[in-house]
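One letter stands for each residue in the lines below.
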Amino acid sequence: MIRLFANANYDFIKWRRIAFSITGLIMLIGAIDLVARGLNYSIEFTGGTLVQFELAHQVPTGNIRTALDAVGLRGADIYNFGSDTSYVVRARLAGATQAAADTQAVADAVARALDRSVGSGQYQMMRREAVGPKVGRELQGKAVMAILFSFVVTLVYLAFRFEWRFGLAAVVATAHDIVATIAFISVMHLEVSLVVVGAVLTVVGYSLNDTIIIFDRVRENLRKYRRQNLYEILNLSINETLPRSVLTHGTTIATTLALLILAGEVIRPFAWVMTFGIFTGTFSSIYIAAPVLLWIEKRWPGEDARGARTFGSRAPAAPAASGPPATPSSAPSPRAPQPAR
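Residues numbered from 1 in each chain as written. Predicted model: local features only at pLDDT ≥ 70, side-chain atom pairs only at ≥ 80, totals over all residues. Heavy atoms only, no water.

Asker: For the pairing of strand 2 (residues 48–55), give the residues involved together with the corresponding values.
Answerer: Burial of strand 2 is extensive: seven of the eight residues sit out of reach of the surface. With six bridges joining them, strand 2 and strand 4 (residues 86–91) adopt antiparallel strand pairing. Pairing of L50 across the sheet is with R90, part of strand 4. (Buried < 20%, exposed > 50% of the residue type's maximum accessible area, 1.4 Å probe, protein only. Helix = DSSP H or I, 4+ residues; strand = E, 2+ residues; numbered from the N terminus. Pairing = 2+ DSSP bridges.)

Asker: Explain a nonpolar patch on the surface residue by residue, including any values.
Answerer: On the surface, L155, W164, L168, V172, W295 and W300 cluster together into a nonpolar patch covering about 560 Å² of accessible area. Broken down by element, the residue count for the nonpolar patch peaks at three residues, all from helix 6 (residues 164–188). Summarising the element assignment, V172 is placed in helix 6. On the basis of relative accessible area, V172 is assigned to the partly exposed category, the value being 34%. (Patch = residues over 30% accessible without salt bridge, like charges linked within 9 Å, V, L, I, M, F, W, Y side chains within 5 Å. Areas by Shrake-Rupley, 256 points an atom, 1.4 Å probe, with all protein chains shown as cover. Salt bridge = Lys/Arg side-chain N within 4 Å of Asp/Glu carboxyl O.)

Asker: Could you give an account of the pattern of salt bridges, with specific residues and numbers?
Answerer: Applying the stated criterion across every chain yields a total of six salt bridges. Ionic pairing is found between E191 and R90, a salt bridge with its closest N-O pair at 2.8 Å. Residue E191 is located in strand 6 (residues 191–192), and its partner R90 is located in strand 4; the two are separated by 101 residues in the primary sequence. There is no split in this pair, since E191 and R90 are both buried.

Asker: With reference to specific residues and values, describe the packing of aromatic side chains.
Answerer: On inspection of all chains with the given rule, the structure shows nine aromatic pairs. Both rings, one in Y10 and one in F12, keep their centres 5.9 Å apart while their planes meet at 70°; by these two values the pair is edge-to-face. Their ring planes at 85° and their centres at 5.3 Å tell us that F166 and F215 sit as a pair that is edge-to-face. Linking F166 in helix 6 with F215 in helix 7 (residues 194–224), this pair joins segments that are 49 residues apart in sequence. For F166, a relative accessible area of 1% puts it in the buried group. For F215, a relative accessible area of 1% translates into the label buried. Following the ring pairs from residue to residue traces out a cluster consisting of Y10, F12, F184, W272, F276, F279, F283 and Y287. (Phe/Tyr/Trp six-rings, centres within 6.5 Å; stacked < 30°, edge-to-face > 60°.)

In structure tokens:
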């Protein structure tokens, strides 16, 4: 399969406007859903109680949920945890002011619900955990700070390794990935826990790695093919790194899909976010970072692009000449980029 992309010559940048429209539509749907429903925060962020219990025999989840509603735990999250007889309930009683009191009250309410639905002595409480609302707010703030800090570090790193133009294009692509991922989390109504925040930060690093590899090849080709315009060099660089991208993303997404299908409820949100993140990270490296760099370099040409002509989407027509064109001292390799069609 990799051999199919060994000599790839696709015009990726040509479709940038269609790509902008598609990603804009996804973000618009996510924004509408986010305003309408908001994010589904876990008790780590909102405060509440987690209770895990083991049943002596399998009972329909609907029966347990009905019993929880009857004891005042309406809207509680309940799902299997590892086996068909092991469950986790996440809930919070209104009016509780102290985490310890809230935890005990929720545990007692769950016990009463189980007495009704499965019978006394037919279950065993395994664990219970509490997170206060104040801790939840602190976790929200730290999660946002972690994402913003990654932005700043990224911009500084790329500014030193390449130029600020490359860094700005990469940060725009990374911002796109975060916004698109949040839109996906909202539409899928995934529970936002610390595991999901970790997945978002992992997506940021994954996307940046792909963007840096493409930009590194762009910088090399800018110096190698000084008479080519930046549009052609971007397409050439993306095509040259395409076999590596297909191999890397293919193996990674196979792993996340395995987690999505085979893993339990706790890790499944992480697998969902990572699977989408691989897609959007690849998309942004090609259709966001590269076109943004083209736009920036067209207006503020950088040192690395001093020999490249940055003309929109097509190469300028070469003036008629009686003799053969001049050849630079460092002749391009046999795979020199072809004029954009």
